[in-house]
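The primary structure of each chain is shown beneath.
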Amino acid sequence: MRRMRVAAVCGAVVVTAVGGVAPAAGTPGAVRGAEAVRGAEVGLAYHGSAGIVGERVDVRFTPHNHGAAAVPDSVVRIRWSQPLEEGQTLPARCAPEGDRAVRCRVGRLGAHDTGERIGLRVRLREAPTEVLLEFDPVGSDGTVDESRAAAERQRVLVLDTGDTYYF
């Protein structure tokens, strides 16, 4: 019961941080990471879990393309509100970006397709009481369009409660 309550509170905090109630599935606003690909809409979203264990944050997520068009090669940038410890071993498809971010190659996703699960275990410089994770779509040219990312960013607030937070 405690985990459900914590997840519900976390969900309310995330919805508030994003700025309102999420639109119903199938509506244009429900699409994450939307971009035009040959005139069709691509909807990238990342579903998974996160938890804090000491100075470490464990994140597992699966990329989903909810759109009607395939994504030839997808990358996601995950930013932490706390600085990451230097010299960490990351999965082969992930690389550090600055002191607070990691980029992970998601790869090709067909229309209405689910990609392979990605698991990260990162150490933070200091043990946090909370950490905010932000998932940003990365363009095909390798850059993040900040104006687009701000509208499409997925945010997950993780508290140091010993619970796993699902998104």
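Quick notes on the overall build of the protein chain
Each helix and strand counted, the protein chain has two helices and twelve strands in total. The proportion of buried residues among the 167 residues of the protein chain is 41%. Within the protein chain, counting contacts between residues at least 6 apart in sequence, those at least 24 apart form 68% of the total. When the accessible surface of the protein chain is summed, it comes to about 9,000 Å², and 52% of that surface belongs to carbon and sulfur atoms.

Examining the packing of aromatic side chains
Counted by the stated rule, this structure contains four aromatic pairs. Ring centres of phenylalanine 61 and phenylalanine 135 lie 5.4 Å apart, and the angle between their planes is 75 degrees; on these two criteria the pair is classed as edge-to-face. A residue pair is termed long-range when its members are at least 10 positions apart, and phenylalanine 61 in strand 4 (residues 56-65) and phenylalanine 135 in strand 10 (residues 130-138) qualify at 74 residues. A relative accessible area of 0% means that phenylalanine 61 is categorised as buried. With a relative accessible area of 1%, phenylalanine 135 lands in the buried category. Ring centres of phenylalanine 135 and phenylalanine 167 lie 5.3 Å apart, and the angle between their planes is 40 degrees; on these two criteria the pair is classed as tilted. Of this pair, phenylalanine 135 sits in strand 10 while phenylalanine 167 sits in the segment after strand 12 (165-166); the two residues are 32 residues apart in sequence, bridging distant segments of the chain. Three or more aromatic residues joined by ring pairs make a cluster, and in this case those are Tyr46, Phe61, Phe135 and Phe167.

A look at the environment of threonine 129
Along the polypeptide, threonine 129 turns up in the loop between strand 9 (118-123) and strand 10. Overall, threonine 129 belongs to the exposed group, its relative accessible area being 65%. The spacing of threonine 129 and glutamate 55 is 74 residues in sequence and 9.6 Å in space, taken between C-alpha atoms.

A closer look at the pairing of strand 5 (residues 71-80)
Here is the key point about a regular strand: its side chains alternate between the two faces of the sheet. Pairing of strand 5 with strand 7 (residues 101-109), which is carried by seven bridges, proceeds in the antiparallel orientation. Residue pairing in the sheet places valine 76 in a bridge with cysteine 104 of strand 7.

What about the side chain of aspartate 163?
Positionally, aspartate 163 belongs in the loop between strand 11 (154-159) and strand 12. Given a relative accessible area of 6%, aspartate 163 falls into the buried group.

Section: the sheet that holds strand 10
On the basis of which strands lie adjacent, the open sheet formed by five strands has the order 6-7-5-10-11 and antiparallel pairing. Looking along the sheet, the strands with just one partner apiece sit at the ends: strand 6 (94-97) and strand 11. Between one strand axis and the next, the sheet turns by 25 degrees as a mean value, whatever way the strands run.

How each quantity is defined
Residues numbered from 1 in each chain as written. Predicted model: local features only at pLDDT ≥ 70, side-chain atom pairs only at ≥ 80, totals over all residues. Heavy atoms only, no water. Helix = DSSP H or I, 4+ residues; strand = E, 2+ residues; numbered from the N terminus. Buried < 20%, exposed > 50% of the residue type's maximum accessible area, 1.4 Å probe, protein only. Contact = heavy atoms within 4.5 Å. Areas by Shrake-Rupley, 256 points an atom, 1.4 Å probe, with all protein chains shown as cover. Phe/Tyr/Trp six-rings, centres within 6.5 Å; stacked < 30°, edge-to-face > 60°. Pairing = 2+ DSSP bridges. Axes fitted to C-alpha atoms, helices over the stretch in contact; angles between N-to-C directions.

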